[in-house]
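A look at the structure
Now for the letters of each chain:
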Amino acid sequence: MNIHARIANARRDFLHKLSHRIVQDFDYIAVGNVNAAGLARTSMAKSVLDAGWSSFRTMLAYKAIAHGAWYEEVDERFTTQVCSSCGTMPPERPKGIADLGIRQWVCSRCGAVHDRDVNAALNILARSGHRSPAEGIPSL
Ligand SMILES: [Zn+2]
């Protein structure tokens, strides 16, 4: 087995274990519908394809069904830019791929301090059918 095949196998194994753990721990899973094929045509191509995002979503979906968990894909446009506290897009915010390096930001409208990923997750959950972000992400 060559090195590339070994890395691919290790990544697939990791994604299988992670998706298994998620469907065991949570009965409601909302995922952003990021278009990996679209992003793959941008300068982000390598990271998007390396992340194995599409296959991870597929694993999550079928394992959720097998475990009786709810799986939902949600439109995630602007979920990193909308403030999950006040629901607006403040003038000062990380903007898309260009500002991927910004991990924390403060909403200039309401003053909420956000971790970029947690804020996006709260917005994705709020757009899902679950509608209960307060109890939705207990382990974060
Ligand atoms: Zn705000």
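Just so we're clear, the structure is a prediction, and the values are computed from it rather than from any experiment.

Our next topic: the overall build of the chain. The number of helices and strands found in the chain is six helices and four strands. Traced from its N-terminal end to its C-terminal end, the chain shows the element sequence α-β-α-α-α-β-β-β-α-α. Burial analysis of the chain (140 residues in total) assigns 31% to the buried set. When the accessible surface of the chain is split by element, carbon and sulfur atoms take 57% of a total near 8700 Å².

C83 (SG), C86 (SG), C107 (SG) and C110 (SG) make up the full set of protein donors to the zinc ion, lying at 2.3 to 2.4 Å. In this structure, the zinc ion is coordinated by four donor atoms arranged in tetrahedral fashion, with angles at the metal of 105 to 114°. According to the relative accessible area criterion, C110 is partly exposed, its value standing at 39%.

In this section: the side chain of S19. Note on placement: S19 falls in helix α1 (residues 3-25). Within the structure, the side chain of S19 is placed 3.1 Å from the backbone oxygen of H16, a separation counted as a polar contact.

Soluble, globular proteins show a tendency: their nonpolar side chains are buried together. Counting residues in hydrophobic clusters, the biggest one holds 11 residues: L15, V23, I29, V31, F56, M59, L60, A61, A64, A69 and Y71. Of all elements in the fold, only α1, β1 (28-32) and α4 (53-67) reach the threshold of two or more residues within this core. The dominant element in this core, judged by the number of residues it contributes, is α4, at five residues.

Turning our eyes to something else, we now look at the pattern of salt bridges. Following the criterion strictly, the structure yields four salt bridges and no others. Residue R103 pairs with D117 through a salt bridge whose shortest N-O separation is 2.8 Å. Residue R103 is found in the loop between β2 (70-74) and β3 (104-106), and its partner D117 is found in helix α5 (residues 116-127); the two are separated by 14 residues along the sequence. A relative accessible area of 47% places D117 in the partly exposed class.

What follows covers α1. In a regular helix each residue adds 1.5 Å, so 23 residues correspond to 33 Å; α1 covers 33 Å between its end C-alpha atoms and thus fits that length. Those residues of α1 not exposed but buried are A8, L15, S19 and V23. Lining the buried residues of α1 we find β1 and α4. Structurally, the start of α1 carries an N-cap: the backbone nitrogen of H4 is 3.2 Å from a side-chain oxygen of N2.

Thresholds, definitions, all that
Residues numbered from 1 in each chain as written. Predicted model: local features only at pLDDT ≥ 70, side-chain atom pairs only at ≥ 80, totals over all residues. Heavy atoms only, no water. Helix = DSSP H or I, 4+ residues; strand = E, 2+ residues; numbered from the N terminus. Buried < 20%, exposed > 50% of the residue type's maximum accessible area, 1.4 Å probe, protein only. Areas by Shrake-Rupley, 256 points an atom, 1.4 Å probe, with all protein chains shown as cover. Donors = N, O, S within 2.8 Å, 3.2 Å for Na, K, Ca; no water. Tetrahedral: all angles 85-135°; square planar, octahedral: opposite > 155°, others 65-115°. Polar contact = N/O pair within 3.5 Å; in protein donor to acceptor, adjacent residues only side chain to side chain. Core = buried A, V, L, I, M, F, W, Y, C linked by side-chain atoms within 4.5 Å. Salt bridge = Lys/Arg side-chain N within 4 Å of Asp/Glu carboxyl O. Expected span 1.5 Å × (residues − 1). Contact = heavy atoms within 4.5 Å.

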